[in-house]
Amino acid sequence: MVDLKLDIRKPERLADQLYGQLLEKIVAGELREGDKLPSENEISRSFNVSRPVIREALLRLQVDGLIYSRQGAGSFVKTRPPESLIKFAEPSDVAGFLKCFEARLPLEGATASLAAQRATREDLKSIEKALVRFETRIKSSGIADQEDFAFHMSVAKATGNEIFVNVLAALNTAITAAMRVNLKITQAASSERVKKVCEEHRAIFDAIAIGDSAGADIAMRYHIHHARMRVTDRLRDQ
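Read on for a plain summary of the structure. (Residues numbered from 1 in each chain as written. Predicted model: local features only at pLDDT ≥ 70, side-chain atom pairs only at ≥ 80, totals over all residues. Heavy atoms only, no water.)

## Quick word on the overall build of the chain
Item 1. Secondary structure summary: the chain contains 11 helices and 2 strands in total.
Item 2. Order of helices (α) and strands (β) in the chain, N terminus to C terminus: α-α-α-β-β-α-α-α-α-α-α-α-α.
Item 3. Radius of gyration (C-alpha) of the chain: 20 Å, near the 18 Å computed for a compact globule of 238 residues.
Item 4. Projected onto the principal axes, the alpha-carbon positions of the chain cover approximately 60 × 35 × 35 Å. (Helix = DSSP H or I, 4+ residues; strand = E, 2+ residues; numbered from the N terminus. Rg over C-alpha atoms; globule rule 2.2 N^0.38 Å.)

## Comments concerning the nonpolar core
Item 1. If you look at the biggest cluster of nonpolar residues, it comprises 50 residues, and the most contacted ones within it are L18, Y19, V155 and I208.
Item 2. With 8 residues, the top contributor of residues to this core is helix α5 (residues 94-118).
Item 3. Every residue in contact with V155, bar those within four places of it in the chain, is listed here: T111, A112, A115, I127, I208 and M220.
Item 4. Counting 11 residues, the second largest nonpolar core, distinct from the first, contains C100, L107, A156 and L168. (Core = buried A, V, L, I, M, F, W, Y, C linked by side-chain atoms within 4.5 Å. Buried < 20%, exposed > 50% of the residue type's maximum accessible area, 1.4 Å probe, protein only. Contact = heavy atoms within 4.5 Å.)

## Section: the pattern of salt bridges
Pairing between side chains of opposite charge can happen when the charged atoms of each approach one another.
Item 1. On inspection of all chains with the given rule, the structure shows 15 salt bridges.
Item 2. With its nearest N and O atoms 3.6 Å apart, the salt bridge here joins E30 to K25.
Item 3. Given a relative accessible area of 14%, K25 falls into the buried group.
Item 4. Between R230 and E200 there is a salt bridge; the shortest N-O distance is 2.9 Å. (Salt bridge = Lys/Arg side-chain N within 4 Å of Asp/Glu carboxyl O.)

## As for the pairing of strand β2 (residues 74-77)
Item 1. In this structure, strand β1 (residues 67-70) lies alongside β2, joined through 4 bridges in antiparallel fashion. Looking across to β2, one finds that Y68 is bridged to F76.
Item 2. Once β1 ends, the chain turns through 3 residues before running back antiparallel as β2, passing G72 with a positive phi of about 85°. (Pairing = 2+ DSSP bridges.)

## Details of the side chain of D148
Item 1. Relative to the helices and strands, D148 is located in helix α7 (residues 145-157).
Item 2. Of the side chains with opposite charge, R104 comes closest to the buried, unpaired D148, at an N-O distance of 5.7 Å.
Item 3. When near neighbours in sequence (up to four residues on either side) are disregarded, D148 contacts F134, M179, L183 and H201. (Lys, Arg positive; Asp, Glu negative; His and termini not counted.)

## Points about the packing of α5 against helix α11 (residues 213-232)
Item 1. Following both chains from N to C, one finds α5 and α11 inclined at 160°, their axes separated by 7 Å at the closest point. With respect to each other, α5 and α11 are oriented roughly antiparallel. Crossing hand, α5 versus α11: right-handed. On α11, the residues touching L98, F101, R104, L105, P106, E108, G109, A112, S113, A116 and Q117 of α5 are S213, A216, D217, M220, R221, I224, H225, A227, R228, V231 and T232.
Item 2. Partitioned by chemical class, the residues of the contact of α5 with α11 number 11 nonpolar, 6 polar and 5 charged. (Axes fitted to C-alpha atoms, helices over the stretch in contact; angles between N-to-C directions. Parallel < 35°, antiparallel > 145°, perpendicular 65-115°, else oblique. Left-handed = near helix turned anticlockwise from the far one by under 90°. Nonpolar A, V, L, I, M, F, W, Y, C, P; charged D, E, K, R; others polar.)

## A closer look at helix α6 (residues 121-139)
Item 1. With 19 residues, α6 extends 27 Å between its outermost C-alpha atoms, agreeing within 8% with the 27 Å of an ideal straight helix rising 1.5 Å per residue.
Item 2. Lining the buried residues of α6 we find α5, α7, α9 (172-189) and α10 (191-209). (Expected span 1.5 Å × (residues − 1).)

## Structural notes on the packing of aromatic side chains
Item 1. Applying the stated criterion across every chain, the model contains 1 aromatic pair.
Item 2. Its end group placed over the ring of F76, R70 keeps NZ or CZ at 4.3 Å from the ring centre. (Phe/Tyr/Trp six-rings, centres within 6.5 Å; stacked < 30°, edge-to-face > 60°. Lys NZ or Arg CZ within 6 Å of the ring centre and 35° of its normal.)

## Looking at the environment of A144
Item 1. Summarising the element assignment, A144 is placed in the loop between α6 and α7.
Item 2. Residues A144 and L183, 39 residues apart in the sequence, show an inter-C-alpha distance of 7.2 Å.
Item 3. A144 has contacts with F134, R137, I138 and L183, leaving out every residue within four places of it along the chain.

## Thoughts on a nonpolar patch on the surface
Item 1. A contiguous nonpolar surface patch, about 220 Å² in accessible area, is contributed by I163, V167 and L171.
Item 2. Mapped onto the elements of the fold, L171 is located in the loop between α8 (162-170) and α9. (Patch = residues over 30% accessible without salt bridge, like charges linked within 9 Å, V, L, I, M, F, W, Y side chains within 5 Å. Areas by Shrake-Rupley, 256 points an atom, 1.4 Å probe, with all protein chains shown as cover.)

## A short note on the environment of V197
Item 1. Tracing the sequence through the fold places V197 in helix α10.
Item 2. C-alpha separation for the pair V197 and R70, spaced 127 residues apart in sequence, amounts to 35 Å.
Item 3. Not counting chain neighbours up to four residues away, the residues in contact with V197 comprise F134, I138, T186 and R230.

## Here we look at α7
An α-helix turns once every 3.6 residues. As a result, residues three or four positions apart point the same way.
Item 1. Here α7 spans 18 Å end to end across 13 residues, near enough to the 18 Å set by a 1.5 Å rise per residue.
Item 2. Among all positions of α7, only D145, D148, F149, F151, H152, M153, S154, V155 and A156 are buried.
Item 3. Taken together, the buried residues of α7 touch α5, α6, α8, α9, α10 and α11.

Written as structure tokens, this is what we have:
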């Protein structure tokens, strides 16, 4: 049986700490794909936490695609994230990063769609300039979180709707933190993965440039979905 003992780290919420420490055991291979997690009673005894805390942490792991539940059988490991994940991020912060990707999907899909409908010639120049800066930075082995955010912000500005710009600006800290970890994982993986990340950004720009509203929405959602997958699945080289 996996050794379970909660290392209390104040002032973090207990559910976040439990999430993070179960995540660490999955990443480290102490709990492998297909392995059954200890029961709620066993986790409660080992970690000395309440059932509601356990259920919140397990539900978040399930929502994030890391474990799955079988009625009457318990919870099992579904996916093992890359080992670099807990090298570049505090385990208890990972749930927040994944929530950020989740929130960005509909928001930025809409911004890309509207940008394709409304972008002026100057907007397109601004988006392309931001894209080139991002590509240059990431291809030179830099962690291009600021350039990445600038690209996404330039798309938001091209909507002509300041609400999208203000919402993205308000999320700047959360988004760039998640981008930084994601890009570090990408840089630690392979040049092929770096190439694919650049291609995803280029596809967004290309769809906006030709006024393809549906295509821009799809390209943006594809990019954010795959960015999330790069965080959670060590076997996905994309």
